[in-house]
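Observations on the model geometry
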Amino acid sequence: MSQEETNVELKEAEVKDAEVKDTEVKDTEVKDGEVKDGEVKDGEVKDGEVKDAEATDGGLTDAEAQEAELDQEEQEKQPMTGGLDACGDAASPGAAEKNGSVHLKIPEEAEVKFTGLSKEELLRVAGTPGWVRTRWALLIVFWLGWLGMLVAAVVLILQAPPCRDLPELNWWNKGPLYQIGDVQAFSQNLKGLEQRLESLEQLKVKGLVLGPIHVAPADQPKDLRFEEISPDAGNLEQFKGLVKAAHKKGISVVLDLTPNYRGSGSWFSNVSVTNVAERLKSALVFWLDQGVDGVQLAGVERVASVVPLLWSDIRAIVQNGTEERAKKRVLIGVTERTSADEVSSLLSSTGVDLLLSGVLRAANTDATERAQSIQQLYSSHNQSRLAWSLGGRADGHLATLGGPALLRLHQLLLLTLPGTPVFNYGDEIGLEDEGTNFPKMLWDSAEEPNGTLKEQQEERESSRRLFQALSELRGRERSLMFGDFLLLYNSSSSLAFLRSWDQSERYLAAFNWADEAATLPLSLPALPQHATVSLSTDDGSPASNSKVQLEALRLGPGQATLLKFPYSA
């Protein structure tokens, strides 16, 4: 074989090797043997594909061989698609990369962060006419809105009903007074009484009426010593300590200086009234200097009528304040009168600040007469001068005078009437007289009682809780402390009245003294259809905060209830 033939065969072999390689690349680029926009099957090649050429001996000239070699070099210089087939479809990941393959990396879009305008940009914008007009418009809208709200507020104030001026109250108008007629029966002595002040503070007592405790042998005016404390009560140092401790707890101390409190007549005989009244004047100065906040005297009608000038001096010493005694002192009178007419006349003529009488405990008095007496006194006097009690030093205790079953009813009555309620010691727990008007006070012991004693203690505690709740309510509700009084209903055995003040919450108190249940028809225009139970003498019936119908208010035997409803214009 010649040299030229050998060269031709070598060229043809190189061409065949190139075609085989190209075919293998195409086969690799096709996934699962399929290509979009024109399928390429195994062993097939589309446009530009070099098919097998059969070389024949002496079939190519030197020129043709050189041309084929140049074509092969030119083909190798062509850029490859790098993973795209002839139709532009993506090739499989395993496709071989050739010369000229280009990898393109598309950058992710950067997050745009708002930085706002700079100070210089803001200053340039703020001065533009558009922003100037906008600022002026907003400023005008603001001031117009503000002026509109101001005008609306003024109109509402002018159209609203005016509030009533609060009445002037003295300390004795702000809570109950608590009488201790016998210090020994209550706490053994004055020092023991000082230790019991916390119990009175819990009851929201505003004043302690103490004694008499001075030396006064029965019916012996010559042996009367106003300024000396009876040894069975204590001594002057104990008294000073008691007054100081009481004042720290907000409790005022009133001293009973009735001259002949152990004898048959409060002022002995008519012959001795003048002398006793004269001696009392100096005694008043002495005790006021010891810090007492008032004086109580029984039989005031007698001394006021027998020695009117001396009585005027007594009133002036107690009631007129001085630079040393800026706090106002109270003068309490006590009378045995039971007629509302007589009590009203005596209240006016004596000039006392409060007058305790027997109006509410008059014999054979039913609910109708009691209601009439209350209405008469309320209509004739300022309620700041009215005082209500159902017992006292000379009369006994509430549970004995009214009966244990009506104890809570009478507590609620006294603490809701217009005026100052006055209680005897032990009335908060239902203490009863046992052959004496000064029974020993019952204090709960640390030992746990059993049987009947336990039931009695629980009953005392229940009565005390009601007393305390009523006293607290009276002290914070204007309608109960100094509100108007309106009689709503009364019969021989039942009573209902309303306490109200200006726009404060209203309180309706209803009572049934009968041994059977009663229904009170309360359907006046000033009343709503329903009211809420505030307190009741029967535990849980009706339940506290429950609603009751006023058109047919039902009360059980011996029951009283305190209802409330809001002010309505």
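As the structure is a computational prediction, the values presented were derived from the model and not from experiment. (Residues numbered from 1 in each chain as written. Predicted model: local features only at pLDDT ≥ 70, side-chain atom pairs only at ≥ 80, totals over all residues. Heavy atoms only, no water.)

**Quick notes on the confidence of the model for the protein chain**
Quick reminder of the rule: For every residue, the predictor states its confidence as a pLDDT score lying anywhere from 0 to 100. The contact criterion used is simple: two residues touch if any of their non-hydrogen atoms lie within 4.5 Å.
In the predicted model, the protein chain carries a mean pLDDT of 84, and 78% of its residues have values of at least 70. Across residues 1-10 the pLDDT falls below 50, and counting only partners more than four positions away or on other chains, this stretch makes five contacts in the model. Note that pLDDT drops below 50 for residues 23-60; the model gives that stretch 42 contacts with residues more than four away or on any other chain.

**Comments concerning the pairing of strand β5 (residues 252-256)**
Heads up, the condition is: Partly exposed residues are those whose accessible area sits between 20% and 50% of the maximum for their type, while under 20% is buried and over 50% is exposed, using a 1.4 Å probe and protein chains only. A helix here means a DSSP run of H or I that spans at least four residues, while a strand means a run of E at least two residues long, and both kinds are numbered starting from the N terminus. Think of it like this: strands point away, you trace from the first strand over the helix to the second, and a clockwise trace means the crossover is right-handed.
β5 sits mainly inside the fold: five of its five residues count as buried. Residues of β5 alternate between two faces, with S252, V254 and D256 on one and V253 and L255 on the opposite face, all of them buried. Between the parallel pair β5 and strand β6 (residues 294-298), the chain is carried across by helix α9 (residues 270-289), and the sense of this crossover is right-handed.

**Description of the sheet that holds strand β18 (residues 560-565)**
Heads up, the rule is: DSSP calls a pair of strands paired once it identifies at least 2 bridges connecting them. What counts as an axis is a line fitted to C-alpha atoms, over the stretch in contact for a helix, and the angles between N-to-C directions run from 0 to 180 degrees.
The sheet built from six strands is open, its strands ordered β11-β12-β13-β18-β15-β16 with antiparallel pairing. The open sheet has two free edges, formed respectively by β11 (484-490) and β16 (547-549), since each of these has just one partner strand. Neighbour-to-neighbour, the strand axes of this sheet turn through a mean angle of 35°, independent of strand direction. The pairing of strand β12 (residues 494-500) with strand β13 (residues 506-512) spans six bridges and is antiparallel. Looking across to β13, one finds that F497 is bridged to A509. Running over the sheet, helix α15 (residues 407-414) touches β12, β13 and β18 and is turned about 145° from β13. With respect to the sheet, helix α16 (residues 451-476) is in contact with β13, β15 (530-536) and β18, its orientation differing from that of β15 by roughly 125°.

**Considerations on the packing of aromatic side chains**
Short version of the rule: Working definition: a ring pair exists when centres of Phe, Tyr or Trp rings (six-membered ring for Trp) sit within 6.5 Å. Plane angles under 30 degrees give stacked, over 60 give edge-to-face, the rest tilted. Both a distance and an angle decide whether a charge sits over a ring: NZ of Lys or CZ of Arg must be within 6 Å of the ring centre and within 35 degrees of the ring normal.
What the rule picks out here adds up to 14 aromatic pairs. Taking the centre distance of 5.4 Å and the plane angle of 85° together, the rings of W171 and W172 count as edge-to-face. By relative accessible area, W172 is classed as buried at 1%. Grouping aromatic residues by their ring pairs yields a cluster made of Y378, F485, F497, F511 and W513. Of note, R196 hangs over the ring of W443, and the distance from its end group to the ring centre comes to 3.9 Å. Lying across the ring of W513, R370 places its NZ or CZ 4.7 Å from the centre.

**Brief notes about unusual backbone geometry**
Here the residue pair G211 and P212 is connected by a cis peptide bond, since its omega of 15° sits within 30 degrees of zero. Mapped onto the secondary structure, P212 falls in the loop between β2 (207-210) and β3 (214-215). We note that K204 has phi near 60°; this positive angle belongs to a residue other than glycine. With respect to the helices and strands, K204 occurs in the loop between α7 (197-202) and β2. Even without being a glycine, N545 presents a positive backbone phi close to 70°. One can find N545 in the loop between β15 and β16.

**Focus on the pattern of salt bridges**
Selection criterion: Each salt bridge in this description consists of a side-chain nitrogen of Lys or Arg and a carboxyl oxygen of Asp or Glu lying within 4 Å of one another.
Per the counting criterion, the structure on display carries nine salt bridges. A salt bridge links R262 to D232, with the shortest nitrogen-to-oxygen separation between them at 3.9 Å. On the criterion of sequence distance, the pair formed by R262 in the loop between β5 and α9 and D232 in the loop between β4 (225-229) and α8 (236-248) is long-range, its members being 30 residues apart. Three or more residues joined by partner-sharing salt bridges are found here, namely E278, K281 and D313.

**Comments concerning the environment of L524**
Within the secondary structure, L524 is located in the loop between β14 (518-520) and β15. Judged by its relative accessible area of 38%, L524 is partly exposed. For L524 and L488, which are 36 residues apart along the polypeptide, the C-alpha to C-alpha distance reads 8.0 Å.

**Quick word on the nonpolar core**
What counts, and what does not: Definition used in this section: a nonpolar core is a set of buried Ala, Val, Leu, Ile, Met, Phe, Trp, Tyr and Cys residues joined via side-chain atoms within 4.5 Å.
Y178, F239, L297 and F511 are the most contacted members of the largest nonpolar core, which totals 97 residues. If you tally residues by element for this core, the top one is α9, at eight residues. Among the nonpolar cores identified, the runner-up in size contains 17 residues, and L498, L522, L527 and V533 belong to it.

**As for helix α11 (residues 308-319)**
Heads up, the rule is: A helix is expected to reach a length of 1.5 Å times the quantity of its residues less one.
For α11, which comprises twelve residues, the first-to-last C-alpha distance of 16 Å matches the rise-based estimate of 16 Å (1.5 Å per residue) to within 8%. Every buried residue of α11 is listed here: L310, W311, I314, I317, V318 and Q319.

**Quick look at the environment of A518**
Position of A518 among the secondary structure elements: in strand β14. For A518, a relative accessible area of 17% gives the class buried. The residues contacting A518, other than those within four sequence positions of it, are N512, L553, R554 and L555.

**So, the sheet that holds strand β1 (residues 177-180)**
With respect to topology, eight strands assemble into an open sheet ordered β8-β7-β6-β5-β2-β1-β10-β9, the strand pairing being parallel. Two strands in the sheet have a free side with no partner beyond their single neighbour: β8 (354-356) and β9 (387-388). The sheet contact formed by β6 and strand β7 (residues 330-334) spans five bridges and is parallel. What sits directly across from L297, in β7, is G333. Across the sheet, α8 is in contact with β2 and β5; its angle to β5 comes to roughly 140°.

**So, the packing of helix α12 (residues 340-350) against helix α13 (residues 367-380)**
Under the convention used in this document: An angle counts as roughly parallel when it lies under 35 degrees, as roughly antiparallel when it exceeds 145, as roughly perpendicular when it falls between 65 and 115, and as oblique in every other case. By convention the crossing between two helices is left-handed if the near helix lies anticlockwise of the far one by an angle smaller than a right angle, and right-handed if it lies clockwise. Under this grouping Gly is polar, as are all residues other than the nonpolar Ala, Val, Leu, Ile, Met, Phe, Trp, Tyr, Cys and Pro and the charged Asp, Glu, Lys and Arg.
For the pair α12 and α13, the least separation of the axes is 10 Å and the interaxial angle reads 25°. By the criterion of interaxial angle, the relationship of α12 to α13 is roughly parallel. For the pair α12 and α13, the crossing hand works out as right-handed. Note on element contacts: α13 touches α12 through S373, Q376, L377 and S380, opposite A340, D341, V343 and S344. Considering only residue class, the contact of α12 with α13 consists of three nonpolar, four polar and one charged.

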